[in-house]
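Each chain, written out:
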Amino acid sequence: MHGWTGGILRVDLTNRTWRRETFTEEFALTWIGGRGFAAKILYDELAPGIDPLGPENKLVVAVGPISGISAPNTGKTVVAAKSPLTGGYGDGNLGTRVTEKLRRAGFDALIVEGRAERPTLLYIDDETVEFLPADEMWGKGTYETNEWIYARYGKGAGVLNIGQAGENLVRYAVIRSMEGRAGGRPGMGAVMGSKLLKAIVVKGSQPIPQAFPAEMKTLGREDLRAVRALDQESAWSKQGTTGVLSWCNEVAALPVNNFRRTHHPEAWRVNGEQLQAATVAVYGCPNCTMQCGLAMLDTERRESELDYENMGLLGPNLGLFDITQVATLNYLCDDYGIDTISGGGVLGFYADAVERGAAPGDIRFGDFEGFRRLLTAIAHRDGEVGGILAEGTLRAARVFGHGSEEYAMQCKGMEISAYNCKFIPGMALAFGVSPIGAHHKESWVITYEIQQTPRESYGRDKAQKVIDLQRIRGGLFEAIVSCRFPWIEVGWGLEHYPKYFNAITGREWELEDFWPSADRIYALIKLFWLREFPDTTRRDDYPPHAWFDPQNADTEGPIAGRILEYDRYDELLQHYYDIRGYDHRGIPTRETLERLGLGAEAAAAEAHATLG
Ligand code: PTT
Ligand code: SF4
């Protein structure tokens, strides 16, 4: 088989054993890689109802057929497990040298099972696997851990590690890699922590199996240059993702004070131009010629790498407009290994709840020192409030009560990314139906919606567009496992990806050939959720009440008096279900599952719930 190594490394931390397993070409072509492999493995191997923070959960690290080869932006890896934050399927995607090293060690996926007896560093070098003590690093932040690992294994090693948040089982702890990469928003860092797994270090020296290696080498070299040229023509790597902040402010889509407001006159103080002016270093993922990790100095003069999400949620969403202060909160999130989106979401929610008298405390929007202290408390689960907030917004709202769930800005338990959809129905739908809880990564429909459609429409075209983008972003890019930014940000056409796939696998696939796999992956993830939550209803695909509450409408600005409407959102949701072939609860029908080759899974699902 070309294109895949055909190997999966299964590691058992409890018994300190490991073995190499193989998969078939049929498995590879059905699930492609990355999220596809992870979803299938977790669906097949996890018993419903297990504790995501117990030894029964499994962490899957998976790459795809084009990952790690010399072609544009292929340095990404998927990390997945049952999510401690949502209780459903969870995954994330981060840039790391593990991508290439794992493949060179002969594996397309790593499955980590069980729980170590003591803090452990898992070391993989070709077909050697060692379980090494990491007690010395337990309790340390991700920067120090990374340096400690580099000092022992060299800078070229692939590293995944966690900080104090993962160790202390903060439900939205991420996994970190290299200088500034982070991934696994739904608590993948906490899953590592629950296994006492401080770090994974990977080295590998074998060639990645490719059908036409010489052709791929030439194609990859030319295309890396072409992407660099496109980048130089655009503003992309000058401001990276933060370029979008001013636009969000203009079109009333910025989260301000726990999403209460949608724009702010001082937002310019934390926008892309300010970051560009303050940039002291640029970092990025392997195999990238359009690097977007812009770092500036924080209040303590430490380098802090900012993205739009980090800036929006740790800035305006907390009533903060001093960019160096935002950089400090961001640095702490990175060092502790706290997801910046959920971290900013939780802090904003708490300040809102305190202001409304629903929660104890004296934090106020704009209180930088207060938020800094709270992040430290969350990472260590210090004190009652630190412990409650470490559980995430939805669980915290349930503890605080007093109706605070209505302004807990989350879907399926995961905090919403930095797009305030009070009056952006298609993007609200994208959050509602995202397969891992609220995340913009699946379907960033907002620019299409605001620039190319009437904003007030809830038409079928918007549901169709959400699905088209899910297929590309959540399906194609998460399965072949490559960064989607060349396509989104500098106009690198999608037609290039089948070319890489074909050069590596020896197939002759067109772009359309990926869509059945993309739909199959989404359908299987739905079945995963159904198994965990058999009483699921379409209400689980709704965004938070605050976006429908007329009292929460803006009183001035471009969307004054406008707010989402329940009935019309429900119609939009129904369009989504109809196009996807899902029933009224949002579950794929038996017919849909059979069409996608999931007949056996459909039969198994019927043990838990009736299929439409
Ligand atoms: C991603 C989510 C995002 S999405 C951001 S900023 W973004 C936040 N970044 C965090 C961070 O930084 N530190 C931290 N402690 N927590 C963070 N949480 C947030 O995590 C990331 C880039 C970005 S920057 C995006 S959109 C794209 N995401 C891709 C994706 O999902 N798939 C894919 N095939 N390509 C992508 N390319 C882009 O990668 P999650 P990274 Mg991240 C510091 O993982 O869980 O999906 O959450 O990986 O290597 O840092 O690159 O405006
Ligand atoms: Fe990583 Fe940014 Fe390059 Fe994508 S564009 S590979 S996120 S550095």
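Above this note sits the structure.
Predicted model only: the values in this text are computed from it and were never measured. (Residues numbered from 1 in each chain as written. Chains lettered and ligands numbered in written order. Predicted model: local features only at pLDDT ≥ 70, side-chain atom pairs only at ≥ 80, totals over all residues. Heavy atoms only, no water.)

## Considerations on the coordination of the magnesium atom of ligand 1
For a metal bound by four donors in a tetrahedral arrangement, the ideal donor-metal-donor angle is 109.5 degrees, while six donors in an octahedral arrangement ideally sit at 90 or 180 degrees. In this structure, Asn93 (O) and Ala182 (O) serve as the protein donors to the magnesium atom of ligand 1, at separations of 2.5 to 2.8 Å. Residue Asn93 is found in strand β5 (residues 89–95), and its partner Ala182 is found in strand β11 (residues 181–183); the two are separated by 89 residues along the sequence. Judged by its relative accessible area of 37%, Ala182 falls in the partly exposed class. (Donors = N, O, S within 2.8 Å, 3.2 Å for Na, K, Ca; no water. Helix = DSSP H or I, 4+ residues; strand = E, 2+ residues; numbered from the N terminus. Buried < 20%, exposed > 50% of the residue type's maximum accessible area, 1.4 Å probe, protein only.)

## Some remarks on the site of ligand 1
Surrounding ligand 1, one finds 32 residues, the nearest of these being Gly95, Ala182, Asp334, Asp339 and Glu478. In the environment of ligand 1, a nitrogen atom lies 2.5 Å from a nitrogen or oxygen atom belonging to the side chain of Asp339. Residue Glu478 places a side-chain N or O atom 2.6 Å away from a nitrogen atom belonging to ligand 1. The set of elements that each furnish at least two residues to the shell around ligand 1 consists of β5, β11, α11 (308–314), α12 (323–336), α13 (340–355) and α19 (460–481). Counting residues per element, the shell around ligand 1 draws most heavily on β5, which supplies four residues. (Near = heavy atom within 4 Å. Polar contact = N/O pair within 3.5 Å; in protein donor to acceptor, adjacent residues only side chain to side chain.)

## Some remarks on helix α14 (residues 368–380)
With 13 residues, α14 extends 19 Å between its outermost C-alpha atoms, agreeing within 8% with the 18 Å of an ideal straight helix rising 1.5 Å per residue. Buried positions along α14 lie against α5 (164–167), α12, α13 and α15 (383–389). The first or second residue beyond α14 is Arg381, which carries a positive phi of 55 degrees. (Expected span 1.5 Å × (residues − 1). Contact = heavy atoms within 4.5 Å.)

## A word on the packing of α13 against helix α16 (residues 393–400)
Contact geometry of α13 with α16 gives a least axis separation of 10 Å together with a crossing angle of 20 degrees. Of the possible angle classes, the one that applies to α13 and α16 is roughly parallel. In this structure, the crossing between α13 and α16 has a hand that is right-handed. Side by side, α13 and α16 meet where Gly345, Val346, Phe349 and Tyr350 of the first sit next to Thr393, Ala396, Ala397 and Phe400 of the second. Here the residues of the contact of α13 with α16 sort into six nonpolar, two polar and no charged. (Axes fitted to C-alpha atoms, helices over the stretch in contact; angles between N-to-C directions. Parallel < 35°, antiparallel > 145°, perpendicular 65-115°, else oblique. Left-handed = near helix turned anticlockwise from the far one by under 90°. Nonpolar A, V, L, I, M, F, W, Y, C, P; charged D, E, K, R; others polar.)

## Notes on the sheet that holds strand β14 (residues 293–297)
Judged by pairing direction, the sheet is antiparallel, and its three strands sit side by side in the order β13-β14-β15 without closing on themselves. Bordering the open sheet on either side are β13 (281–283) and β15 (303–306), each of which pairs with just one other strand. Adjacent strand axes in the sheet meet at a mean angle of 35 degrees when their direction is disregarded. In this structure, β14 lies alongside β15, joined through four bridges in antiparallel fashion. Looking across to β15, one finds that Ala295 is bridged to Glu305. Each of β14 and β15 is contacted by α12, which is oriented at about 95 degrees to β15, the strand it contacts most. (Pairing = 2+ DSSP bridges.)

## With respect to a negative patch on the surface
On the surface, a cluster of negative charge is made up of Glu508, Glu510, Glu512 and Asp513. Within the fold, Glu510 resides in the loop between α21 (496–505) and α22 (515–532). (Patch = residues over 30% accessible without salt bridge, like charges linked within 9 Å, V, L, I, M, F, W, Y side chains within 5 Å. Areas by Shrake-Rupley, 256 points an atom, 1.4 Å probe, with all protein chains shown as cover. Salt bridge = Lys/Arg side-chain N within 4 Å of Asp/Glu carboxyl O. Lys, Arg positive; Asp, Glu negative; His and termini not counted. Charge placed at Lys NZ, Arg CZ, Asp CG, Glu CD.)

## Regarding the nonpolar core
With 175 residues, the main nonpolar core has Tyr89, Tyr419, Met427 and Tyr576 as its most contacted residues. Ranked by residues supplied to this core, first place goes to α22 with 11 residues. Residues lining this core come from more than one domain, with at least three contributed by each of domain 1 (7–203) and domain 2 (236–421). The residues contacting Tyr89, other than those within four sequence positions of it, are Arg35, Ala38, Ala39, Leu42, Ala80, Ala81, Pro435, Ile436, Ile525, Phe528 and Trp529. (Core = buried A, V, L, I, M, F, W, Y, C linked by side-chain atoms within 4.5 Å. Domains from an automatic or database assignment.)

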